[in-house]
Amino acid sequence: MAAVTWRVVRRWCPSLPQVFRFPVAQVHLGRPKMRASQQDFENAVNQVKLLKKDPGNQVKLQLYALYKQATDGPCNVSKPGVFDLVNKAKWEAWNALGSLPKETARQNYVDLVSSLSPSSEASNQGKSGADVKVQESKDIVVTSEDGITKIMFNRPPKKNAITFQMYQDIILALKNASTDNSAITVFTGAGDYYCSGNDLTNFTSASGGMEKAAEGGAVLLREFVNSFIDFPKPLVAVVNGPAVGISVTLLGLFDAVYASDKATFHTPFSHLGQSPEACSSYTFPKIMGSAKATEMLLFGKKLTAREACAQGLVTEVFPDSTFKKEIWTRLKAYAKLPPNSMRISKQLIRKNEKEKLHAVNAEECSTLKERWLSEECINAIMSFLSRKSKL
Ligand SMILES: CCCC/C=C/CC(=O)SCCNC(=O)CCNC(=O)[C@H](O)C(C)(C)COP(=O)(O)OP(=O)(O)OC[C@H]1O[C@@H](n2cnc3c(N)ncnc32)[C@H](O)[C@@H]1OP(=O)(O)O
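As the structure is a prediction and not an experimental result, all values here were calculated from the model.

> Please give an account of the pattern of salt bridges that cites residues and values.
Applying the stated criterion across every chain yields a total of 16 salt bridges. A salt bridge links Arg-155 to Asp-199; the nearest nitrogen and oxygen atoms lie 2.7 Å apart. In this pair, Arg-155 sits in the loop between strand E3 (148-153) and helix H7 (164-179) while Asp-199 sits in the loop between strand E4 (184-189) and helix H8 (202-205), placing the two residues 44 residues apart along the sequence. Like Asp-199, Arg-155 is buried. The partner of Lys-301 in a salt bridge is Glu-295, and the shortest N-O contact between them spans 4.0 Å. Note on Glu-295: relative accessible area 29%, which makes it partly exposed. The network of salt bridges with shared partners includes Lys-79, Lys-88 and Glu-92.

The structure is reproduced here in C-alpha cells:
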C-alpha cells in the first residue's frame, strides 16, 4: 500500500519515483529559470537514480508528476480506484499539473532535481520547525510549531467524520511526523467536535460494491492502526469536543489524552452492527477493566470527560473556557524536554506490547470485514443515511 519503499519503487519504475500528494505551487526551485534542454532533462533523470538520500514522498510525488508531464503531456489516463492508494496519489499529482507545457515541466523537473543536490539537502536540515504547514490536505491539516506537529481533523460541517482519503492523509502525516524535527505529535479537531468517527458513507459511496469496499476498508484500517501502534514519539490527543467510534478507540494507543469538559466518548458499535477496532478489544479492558470496557464497547455507553478520566482513558480534564490556553502552554513545555529521551522511554513502554497489538489489530480488521457485510450493519448505516437514526 502507501508504504512502498524508495528502493522498491526504483526497481518498479527506475526513473519514476513513488510519490504522494504535493501541490505544484509549493515547489521551491533553487535557481532562476532557464530553458532546460532535452539533454539537461535526461541528465536530471539519471541524477535522481543516484540520489543517496530518500528525498521524501512529497518530493518524489512531484518528481513523478513533472516527469510524466514533461514526457507524456497532461494527464490522459483514468483515475485509479479508491483503494489503489499509490497509483491514485500519483495520478492526482500528475493531474494537478493541468495543462502545464511540456517544456515548463521539463525545466521544473531539472530545477527540482538540482535543488536536491547534497549541498541543498544539507542546508535544509538546519531548518527550525517554526509554524510550517507541512502537509496539504483539505480535511486533515498538519502544522509544525514549537516542537509540536499538530494533526487536525478539519471537516467541521460533517463533525470531522473520517473519509477514506483522510485515513490515507493521516497515515502519511504520521509517517512524516515520525522523522520530522518535532518532539511530540498532537491530534485535535476543528470546530465543536473532536471527531464523529468513520464516515458512514465510506462504504455506500465506494465504487465496486460493498464486498470490494469491505475488503479494501479492512486493509486500509489495518495499515491506519498500525501507524499508531508503531508511532515512535509521544502521541497526545487534545479532545476538544465529542468523540465517536474510531476516534475514541484509538485513544488507547495514545500516550496522553487531554479533554475539554465538553468532550464525550462514545463507541456505539453494537448500534451500528459493528465490532471494536484500533486494538480497543485489548486496550480498553486493560485500561478500565473488563466490566467498564463492556459497557462502552458492547452496550455503547457514552462517557462524559470526567467519567472517561475516572476510567483511565483520559489523562486530565480541563474547563472548556481555559482548555486551549492551558493545554497548549503545557504541551509547549513538554515539547522542550529532550526528544531522544522521550522517544526511548516510549519505546520501552510500548516494546512488550507491540506484537500483541499487531495481532489484535489484524484480528479486529478481519472480524470487521465480515461485520460490514452483515445485515445488521448495512441496516444501521442505511438507517443513519436515511436520517431514521442518530446516536
Ligand atoms: C475504514 C475504516 C473503518 C473504521 C471503522 C470505525 C467505526 C466507527 O467509527 S463507528 C462510528 C461512526 N460514527 C457514527 O455513527 C456517528 C454518526 N453521526 C451521528 O450520529 C450524528 O451526526 C452526531 C451525533 C455525530 C452529531 O449529531 P448532530 O445532530 O449534532 O449533527 P448532524 O446534523 O447529525 O451532523 C452534521 C452533519 O455531519 C454528518 N455526519 C456526522 N457524523 C457523520 C459520520 N460519522 N459519517 C457521515 N456523516 C456524518 C451528518 O450526516 C450531517 O450531515 P448533513 O449536514 O449533510 O446532513
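> Quick rundown of the state of the cysteines? Include the residues and the values.
A full pass over the atoms with the stated rule returns 0 disulfides. You can see Cys-365 has no disulfide; the closest cysteine sulfur is in Cys-279, sitting 8.2 Å from it.

> Which residues make up the sheet that holds strand E9 (residues 303-304), and what values do they have?
Sheet strands associate in pairs through backbone hydrogen bonding, adopting either a parallel or an antiparallel arrangement. Read from one edge of the open sheet, 3 strands run E6-E8-E9, paired in mixed fashion. With one partner strand each, in any of the chains shown, strand E6 (243-244) and E9 form the two edges of the open sheet. Judged from the 2 bridges that link them, strand E8 (residues 264-266) and E9 form a sheet pairing that is antiparallel. If you follow Phe-265 over to E9, its bridge partner there is Leu-303.

> Residue-level account of the site of the ligand, with values.
Around the ligand, the structure places 26 residues, and the nearest of them are Lys-158, Ser-196, Asn-198, Leu-200 and Arg-387. Within the contact set of the ligand, an oxygen atom lies 3.4 Å away from a backbone nitrogen or oxygen of Pro-157. Taking Asn-198, its main chain carries an N or O atom lying 2.8 Å from an oxygen atom of the ligand. For the ligand, the protein covers 82% of the area, taking 1100 Å² as the surface of the free molecule. For the shell around the ligand, the elements supplying multiple residues, two or more each, are H7 and helix H9 (209-229). Residues that form the shell around the ligand fall into these classes: 14 nonpolar, 6 polar and 6 charged.

> Go over the pairing of strand E5 (residues 235-239), please, and point to the residues and values.
Within a regular strand, side chains alternate between the sheet's two faces. Of all 5 residues that make up E5, 5 are buried, and the element is covered over most of its length. With burial as the criterion, each face of E5 is covered, one bearing Leu-235, Ala-237 and Val-239 and the other bearing Val-236 and Val-238. Examined bridge by bridge, E4 and E5 share 4 bridges and lie parallel to one another. Looking at E5, one finds that Thr-185 is bridged to Leu-235. In this structure, E5 lies alongside strand E7 (residues 256-260), joined through 4 bridges in parallel fashion. Of the residues in E7, the one forming a bridge with Val-239 is Ala-259.

> Give a description of the nonpolar core that names residues and reports values.
Within the largest apolar cluster, 68 residues are counted, with the highest numbers of intra-cluster contacts made by Phe-187, Tyr-194, Phe-224, Phe-228, Val-239, Phe-254 and Phe-265. In terms of residues, this core owes the most to one element, H9, which gives 9 residues. If you look at the next biggest cluster of nonpolar residues, it comprises 21 residues, including Ala-44, Leu-51, Val-59 and Ala-70.

> So what's going on with the packing of aromatic side chains? Which residues, and what values?
Across all of its chains, the model carries 14 aromatic pairs by this definition. Between Phe-153 and Tyr-194, the aromatic rings sit 5.4 Å apart at their centres with planes inclined by 85°, giving edge-to-face as the arrangement. Residue Phe-153 is located in strand E3, and its partner Tyr-194 is located in the loop between E4 and H8; the two are separated by 41 residues in the primary sequence. For the residue pair Phe-153 and Tyr-194, the accessibility class agrees, reading buried in each case. Following the ring pairs from residue to residue traces out a cluster consisting of Phe-153, Tyr-167, Phe-187, Tyr-194, Phe-224, Phe-228 and Phe-254.

> Tell me about the environment of Thr-188, residues and numbers included.
Within the element layout of this structure, Thr-188 appears in strand E4. Taking the relative accessible area as the measure of exposure, Thr-188 reaches 6% and is therefore buried. Along the primary structure Thr-188 and Val-59 are separated by 129 residues, whereas in three dimensions their C-alpha atoms are 27 Å apart. Those residues in contact with Thr-188 that sit more than four places away from it in its chain are Lys-150, Ile-151, Met-152, Phe-153, Tyr-194, Val-238 and Asn-240. Within the structure, Thr-188 has its side chain in polar contact with the side chain of Asn-240 (distance 3.5 Å).

> Let's hear about the packing of helix H3 (residues 57-72) against helix H5 (residues 102-115): which residues, and what values?
In contact at an axis separation of 8 Å, H3 and H5 are set at 145° when each is read in the N-to-C sense. In this structure, H3 meets H5 at a crossing whose hand is left-handed. Taken together, the residues of H5 that come into contact with H3 (itself represented by Val-59, Gln-62, Leu-63, Leu-66, Tyr-67, Gln-69, Ala-70, Thr-71 and Asp-72) are Lys-102, Ala-105, Arg-106, Asn-108, Tyr-109, Leu-112 and Val-113. Counted by class, the contact of H3 with H5 contains 9 nonpolar, 4 polar and 3 charged residues.

The rules behind these values
- Residues numbered from 1 in each chain as written.
- Predicted model: local features only at pLDDT ≥ 70, side-chain atom pairs only at ≥ 80, totals over all residues.
- Heavy atoms only, no water.
- Salt bridge = Lys/Arg side-chain N within 4 Å of Asp/Glu carboxyl O.
- Helix = DSSP H or I, 4+ residues; strand = E, 2+ residues; numbered from the N terminus.
- Buried < 20%, exposed > 50% of the residue type's maximum accessible area, 1.4 Å probe, protein only.
- Disulfide = S-S within 2.5 Å.
- Pairing = 2+ DSSP bridges.
- Near = heavy atom within 4 Å.
- Polar contact = N/O pair within 3.5 Å; in protein donor to acceptor, adjacent residues only side chain to side chain.
- Areas by Shrake-Rupley, 256 points an atom, 1.4 Å probe, with all protein chains shown as cover.
- Nonpolar A, V, L, I, M, F, W, Y, C, P; charged D, E, K, R; others polar.
- Core = buried A, V, L, I, M, F, W, Y, C linked by side-chain atoms within 4.5 Å.
- Phe/Tyr/Trp six-rings, centres within 6.5 Å; stacked < 30°, edge-to-face > 60°.
- Contact = heavy atoms within 4.5 Å.
- Axes fitted to C-alpha atoms, helices over the stretch in contact; angles between N-to-C directions.
- Left-handed = near helix turned anticlockwise from the far one by under 90°.

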